[in-house]
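Each chain, written out:
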Amino acid sequence: MTKKSKPCAKLLISAFVVSPFIYASAASAAPTPNPENEIDIYYDDLTHIVTKDGSTHLKVEMRLQSRYSTPFEGNPKSITELQEDAVSSFGLNRARFKVGGHIHQPWIKLKYEYDLNNSQTLDARITLEQSDAFHFRFGRMKAHYNPERVTSSKDQQFVDRSMVNGYFTLDRQQGISFMGRFNKGTALDLNYSFDVFNGTGREGDNESDDFMYVARLQSNFLGEKVSSAMGDLKISQKPAAHIAVATSTNESRYTRFSTNAPGQVNELDDHTEADGYRLEQWMVDAAYRYKGFSFQAEYHNKDIVDQYEQNFSGTLNMTGYYAQAGFFPNQLMASIPRQLELAARYSTVDPDTSIDHNNEREYLVAANWFFNGHRSKVSADIGRYEIDDAVTNITESENRIRLQYDLSF
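Here goes a summary of the coordinates provided.

Parameters and conventions
- Note on numbering: residues in each chain are counted from 1, in written sequence order.
- Where local features are concerned, this predicted model is filtered to residues with pLDDT of at least 70; where side-chain atom pairs are given and counted, the filter is 80 or more; whole-chain, interface and lining totals use all residues.
- Side-chain calculation: all heavy atoms of the structure are included, whereas hydrogens and water are not.
- Note on conventions: DSSP H or I runs of at least 4 residues are helices, E runs of at least 2 residues are strands, and numbering of each starts at the N terminus.
- A simple rule labels every residue: compare its accessible area, found with a 1.4 Å probe on the protein chains alone, to the largest value its type can have, and call it buried under 20%, exposed over 50%, or partly exposed in between.
- Any pair of nitrogen or oxygen atoms within 3.5 Å is treated as a polar contact; in protein, a donor-acceptor pairing is required on top of that, and neighbouring residues in sequence qualify only through side-chain atoms on both sides.
- Throughout, a residue-residue contact means that at least one pair of heavy atoms, one from each residue, lies within 4.5 Å.
- Just to be clear on terms, a salt bridge is a Lys or Arg side-chain nitrogen sitting within 4 Å of an Asp or Glu carboxyl oxygen.
- Exposure above 30% relative accessible area and no salt bridge define the residues that can form patches, which grow by joining like charges within 9 Å and nonpolar side chains of Val, Leu, Ile, Met, Phe, Trp and Tyr within 5 Å.
- Using a 1.4 Å probe, the Shrake-Rupley method yields the accessible areas, and only the shown protein chains count as cover for residues.
- Nonpolar core, defined: a set of buried Ala, Val, Leu, Ile, Met, Phe, Trp, Tyr and Cys residues in which side-chain atoms within 4.5 Å join the residues together.
- None of His or the chain ends enter the tally, which takes Lys and Arg as positive and Asp and Glu as negative.
- Charged side chains are reduced to one point each, which is NZ for Lys, CZ for Arg, CG for Asp and CD for Glu.
- When DSSP locates at least two bridges between a pair of strands, those strands are taken to pair.

**Notes on the side chain of Arg 361**
So, point 1. Examined against the element boundaries, Arg 361 turns out to sit in strand β16 (residues 360-370).
So, point 2. Using a relative accessible area of 13% as the deciding quantity, one classes Arg 361 as buried.
So, point 3. Among the polar contacts made by the side chain of Arg 361, one reaches the side chain of Glu 386 at a distance of 2.9 Å.
So, point 4. Within the local environment of Arg 361, its side chain forms a polar contact with the side chain of Asp 388, the two groups lying 2.9 Å apart.
So, point 5. Ignoring sequence-local partners within four residues, the contact set of Arg 361 consists of Met 163, Tyr 346, Ser 347, Thr 348, Arg 384, Tyr 385, Glu 386, Asp 388 and Thr 395.

Given below as C-alpha cells:
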C-alpha cells in the first residue's frame, strides 16, 4: 500500500466503527453544519480520520500475527507438560482492531482495542493529559506494573513474553490511574503512576469492598525516557535508561491474571470467598538503549496468603527474573543489512521458595527482520526450557522453535 492511498473497504469499515466517536465530537462542537468540522480520511501506515479543525483525530488500524511452533506452543510449567507428545502447529495468535487518538480536544486521549479472535474488548480507556505532571486515566487498561507486559506484543523483541510474565503480571484491569512525569530532561527526571482497580481481571466486577492498588516510580536518570517498544530501532544517538520500583496489593479469589481470564498459580483452586487470597508483590526493573543496543531486566517477588486457610496455610512465596539484550549487527559491520536484529534472553522462576529443586528456566536466542519497524516484521527464536522436579530430584529439558510474522496496517 502506497502512502496516502485510500483502500475503500477498510476505510468504509473504519468509518462505520468509529462514526459514533466522530458524531459525538462534531455534535458537541457544532450543533449546526460547519465546514471547518468536515472529516478528512487518509491512509499512512494506518487509517486517519480527522476533523478539519483538528478537534478530533482518530487512528484506526488492524493487526494480524501468525505463528509456527514446534514441538509445543506455550511455556511449560511442569515435566509432564514438557514430555507431552510433540505437536507442530500454525496459529493465528492475534487478530486485533484498534482505534486511538484524541477526541474533542488534543488532551482527551482515546484507546480502544478489540480481539477479533476471541470476540472480546481488551482496552477501552480515556486519558486526560493536560500537563506532563498529571494524567488521569479511566476504563479498562493494562496495570502500570511490569514493563514487559505493558509493552504491546507487537513491539516485543522476541516471539512472545518470558515465562516470568505468566506468574507475576497484573495484566488488564478495570479502574482508574493517576500518572505523570517531573523534571523532564534532567538527572531528576521521574515517572510515577498509581492505579486503583477492581482487582478481578479484564472484565471482572469488584466482588468485595477491597481494591487492587498498584504504585510505580521510575527514574530516567539520564534525562531520556526509554521507549516502551523493545529494541533500539531508531539507533538512539543519546543514551536512555531507567531504573524503577513497583508494588501491588490485592484481595480476591485469584492468584494470577491473563488476557483471557483470572486464574491460579501452582494449580491452586479458585477461592470460595471473594477476598480469599491476599497478594503482596513487588518488583525492580531496569532498561537501557543506545546506538542500536538494548537491555532490560525485571526481578519479581510475590507473596500469596490464603486468608481462610481453605487451600493452604502460611505464605506461598515465589520469585523470578529475566534479563534480555539485543543489538543491530549493522552498527558493528556496515555490510550486514540494517533490517536485522539479534537478541538473547534468560528467564527463571521459583514458583515456591519453600521447596528445593523446583525451578523453571528459559534460554532463548532470537532474530528479527524489520520490513517496516515493529509494524511489519518476521521474528524467529530458538529456546531451551528446563524444569526441575522436586519429588524425583531430576531435571528435564526440551527445545522449542518458533517463527512469526506480525503485520499492522
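So, next bit.
**Considerations on the pattern of salt bridges**
So, point 1. Throughout the structure, instances matching the rule amount to 22 salt bridges.
So, point 2. One salt bridge connects Glu 203 with Arg 202, and the closest N-O pair in it is separated by 2.9 Å.
So, point 3. By relative accessible area, Glu 203 is classed as partly exposed at 49%.

**What about a nonpolar patch on the surface?**
So, point 1. A surface patch of nonpolar side chains, amounting to about 780 Å² of accessible area, comprises Leu 217, Phe 221, Leu 222, Ile 243, Val 245, Trp 282, Val 284, Tyr 299 and Tyr 321.
So, point 2. Taken together, the elements giving at least two residues each to the nonpolar patch come down to β11 (240-252) and β12 (277-290).
So, point 3. Topologically, Leu 222 is positioned in the loop between β10 (212-219) and β11.

**With respect to the nonpolar core**
So, point 1. Membership of the largest hydrophobic core comes to 34 residues, with the highest contact counts inside it found for Val 265, Ile 304, Leu 316 and Met 318.
So, point 2. Secondary structure elements with two or more residues in this core: α2 (79-82), α4 (163-168), β10, β12, β14 (315-327), β15 (340-350), β16 and β17 (376-389).
So, point 3. With 4 residues, α4 is the single largest residue contributor to this core.
So, point 4. Judged by nonpolar contacts, the second largest core, of 9 residues, contains Val 60, Val 99, Ile 108 and Leu 110.

**Focus: a negative patch on the surface**
So, point 1. Where like charges cluster on the molecular surface, the negative patch consists of Glu 81, Glu 84, Asp 85 and Glu 267.
So, point 2. Mapped onto the fold, Glu 84 is located in the loop between α2 and β4 (89-102).
So, point 3. Residue class for Glu 84 comes out exposed when judged on its relative accessible area of 51%.

**A short note on the pairing of strand β18 (residues 394-408)**
For a regular strand, side-chain orientation follows a simple rule: the groups alternate between the two sheet faces.
So, point 1. Pairing analysis gives 8 bridges linking strand β3 (residues 57-70) to β18, with the strands arranged antiparallel. In the strand pairing of β18, Tyr 68 is matched with Leu 403.
So, point 2. Pairing analysis gives 14 bridges linking β17 to β18, with the strands arranged antiparallel. Opposite Ile 382, over in β18, you have Ile 401 as the bridge partner.
So, point 3. In textbook terms, the turn of a hairpin is the stretch between consecutive antiparallel strands, and for β17 and β18 this stretch comprises 4 residues, one of which, Asn 393, has a positive phi near 65°.

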